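Chain and residue survey
The residues making up each chain are set out below.
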Amino acid sequence: MAFYYSEPSRTFSEFLLLPNLTSKTCTPDRVSLKTPLCKFSRGEEPALSLNIPFSSAVMQSVSDDNMAVALARAGGISFIFGSQPIESQADMVRKAKGYKAGFVVSRSNLTPEHTLKDVLELKERTGHSTAAVTHDGTPKGRLLGIVTSRDYRVSRDAADKPVGEFMTPFASLIYGQSGISLSEANDLIWEHKLNCLPIVDDNGHLDYLVFRKDYDAHKNNPTELLDANKSYIVGAGINTKDYKERVAALVEAGVDALVIDSSDGYTEWQRETIEYVKAHFDVKIGAGNVVDREGFRYLVDAGADFVKVGIGGGSICITREQKGIGRGQASAVIEVAEARQQYFEETGIYVPICSDGGIVHDYHITLALAMGADFVMMGRYFARFDESPTRKLKVGNNFVKEFWGEGSNRARNWQRYDTGGKQGLVFEEGVDSYVPYAGGLQENLDKTISKIKSTMCNCGSLTVEQLQRTARITLVSATSIVEGGAHDVILKENSLSGE
Ligand code: RVP
């Protein structure tokens, strides 16, 4: 006979936190959001931790190299999408790992033969007011000069005036030699009152640009997530089909952590993949997704470094409607967290869990942590930002960004869903959609993080671990949810709503 759970499966919106005593020393500026990414033994430090409990989803419309850099700069991790050819995914990892905080590969480049018209078009297209002039117009070509808006007067100069005639030529440029440190570059910037310092190699080829504003940003990012070589920590998604070649290429590109990306991780294919990766490579590997203790235990026994939780809760996911499998995200996290605790008591090994999908409001993140998640993974949340890889469009009067599921026809990520056959996607498990455009990642994260820290203080917790241990959580009735929003008043325009 089938097994029936006595409790319905629940979502985050059905729960609230109760305050615990807040001591006078429990203030948001003292809260640490540091959290383990990979398993560790009692009394030891995890080999990899996050400085904020955020990861971005393994999705084409969310996590590329650009997102990886932006999120690692803030202290979290991106798992670069795996539904692309092995070489292009490895290239993205390489780019993100090669990105030296503060040193950027020039993204606006010209040759001396380009014209003022080209400069203006480039500026319009990219928003960059500094362009490098190289012999071949590539970011690593021989540096011939720099063009900024101080080099031309649109009202006076002819549109067809060649760049070579008005750029600041190499001979007059202050530049740094490849290999200098960020603080040496900064000294040059200050000494010579520059906005941008080109970094040039021994052959006169452009290596990087260092911008004054980026240096300030670097100083303002005390939580950035760096490896021992001061490169950003970068993750990548893999599947259970081409993992032998893919993992080799990703490890070679410098990836720090892998995750097997699948809608259902409780499978022998995942066990085989984990065992193979553990036997052949020195790299961390998470697995999932699961929604119960059996799934968790199976992946941990196979050797997973962390386990991802959630089936069917993603904003673009229609797995539950299409196939009738899944579980309310809160119930899934609660049960897997219990299994993790039991495993820890039995073995002394702590396996972090990641709540993946279904975060709608910022407070859902705090709830997920309180229920035992060590970090969350989000797609929709990050898709809204400038740093996501998709187009920003105007629909009606609003700006939106594109966002599509890995199980949609658009992504064609059949490895994520298939169950062993070679038939590909027969039906969709995800939709193609828009999300409201929300601006830059950092400013949005700052707001979300302030809310999490503030709630943690209400709960008397200065760390994620303390929140997990001491949180008191209550179910809410459908009618009391109404009580929680603004009610029985006439709202003025521009009143707070949303997130
Ligand atoms: P959300 O944050 O609610 O947008 O959810 C993102 C998660 O949804 C992903 O991390 C992944 O687990 C899941 N996903 C991605 N594509 C699809 C799909 O097409 N069904 N689901």
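Residues numbered from 1 in each chain as written. Predicted model: local features only at pLDDT ≥ 70, side-chain atom pairs only at ≥ 80, totals over all residues. Heavy atoms only, no water.

Bringing the pairing of strand S18 (residues 306–309) into the picture now. Here S18 shows a buried face lined by Phe-306 and Lys-308 and a second buried face lined by Val-307 and Val-309. In the sheet, strand S17 (residues 284–290) pairs with S18 via 4 bridges, with the strands oriented parallel. Within S18, the residue paired with Gly-288 across the bridge is Lys-308. For the handedness criterion, the β-α-β arrangement of S17, helix H9 (residues 293–302) and S18 is classed as right-handed. Note: S18 against strand S20 (residues 353–356), 3 bridges, orientation parallel. Of the residues in S20, the one forming a bridge with Val-309 is Ser-355. (Buried < 20%, exposed > 50% of the residue type's maximum accessible area, 1.4 Å probe, protein only. Helix = DSSP H or I, 4+ residues; strand = E, 2+ residues; numbered from the N terminus. Pairing = 2+ DSSP bridges. Right-handed = clockwise from strand over helix to strand, strands pointing away.)

Quick look at the packing of aromatic side chains now. Under the criterion given, the structure shown has 18 aromatic pairs. Ring centres 5.9 Å apart and planes at 80° place the aromatic pair Tyr-152 and Phe-166 in the edge-to-face group. Linking Tyr-152 in the loop between strand S10 (143–147) and helix H4 (163–166) with Phe-166 in helix H4, this pair joins segments that are 14 residues apart in sequence. When sorted by exposure, Tyr-152 lands in the same class as Phe-166, which is buried. Members of the aromatic cluster, each reached through a chain of ring pairs, are Phe-54, Tyr-381, Phe-382 and Phe-385. Directly above the ring of Trp-404 sits Arg-410, whose terminal nitrogen or CZ lies 3.7 Å from the centroid. (Phe/Tyr/Trp six-rings, centres within 6.5 Å; stacked < 30°, edge-to-face > 60°. Lys NZ or Arg CZ within 6 Å of the ring centre and 35° of its normal.)

The subject of this paragraph is the packing of helix H7 (residues 243–253) against helix H8 (residues 268–280). Here H7 crosses H8 at 40°, and the two axes come no closer than 11 Å. The angle between H7 and H8 falls in the class oblique. The handedness of the crossing between H7 and H8 comes out as right-handed. Across the interface between the two elements, Tyr-243, Lys-244 and Val-247 of H7 pack against Glu-272, Thr-273, Tyr-276 and Val-277 of H8. Here the contact of H7 with H8 is composed, by residue class, of 4 nonpolar, 1 polar and 2 charged. (Axes fitted to C-alpha atoms, helices over the stretch in contact; angles between N-to-C directions. Parallel < 35°, antiparallel > 145°, perpendicular 65-115°, else oblique. Left-handed = near helix turned anticlockwise from the far one by under 90°. Contact = heavy atoms within 4.5 Å. Nonpolar A, V, L, I, M, F, W, Y, C, P; charged D, E, K, R; others polar.)

Looking now at the UniProt feature "binding site: K(+)" (unreviewed entry) in the protein. As annotated in UniProt, the feature "binding site: K(+)" (unreviewed entry) corresponds to Gly-312, Gly-314 and Cys-317 in the numbering used here. Looking at the element boundaries, Gly-314 is found in the loop between S18 and helix H10 (319–323). By the secondary structure assignment, Cys-317 is in the loop between S18 and H10. Ignoring any residue separated from it by four or fewer positions in sequence, one finds Cys-317 in contact with Gly-312 and Glu-429. (UniProt positions renumbered as here; feature names shortened; annotations may be inferred.)

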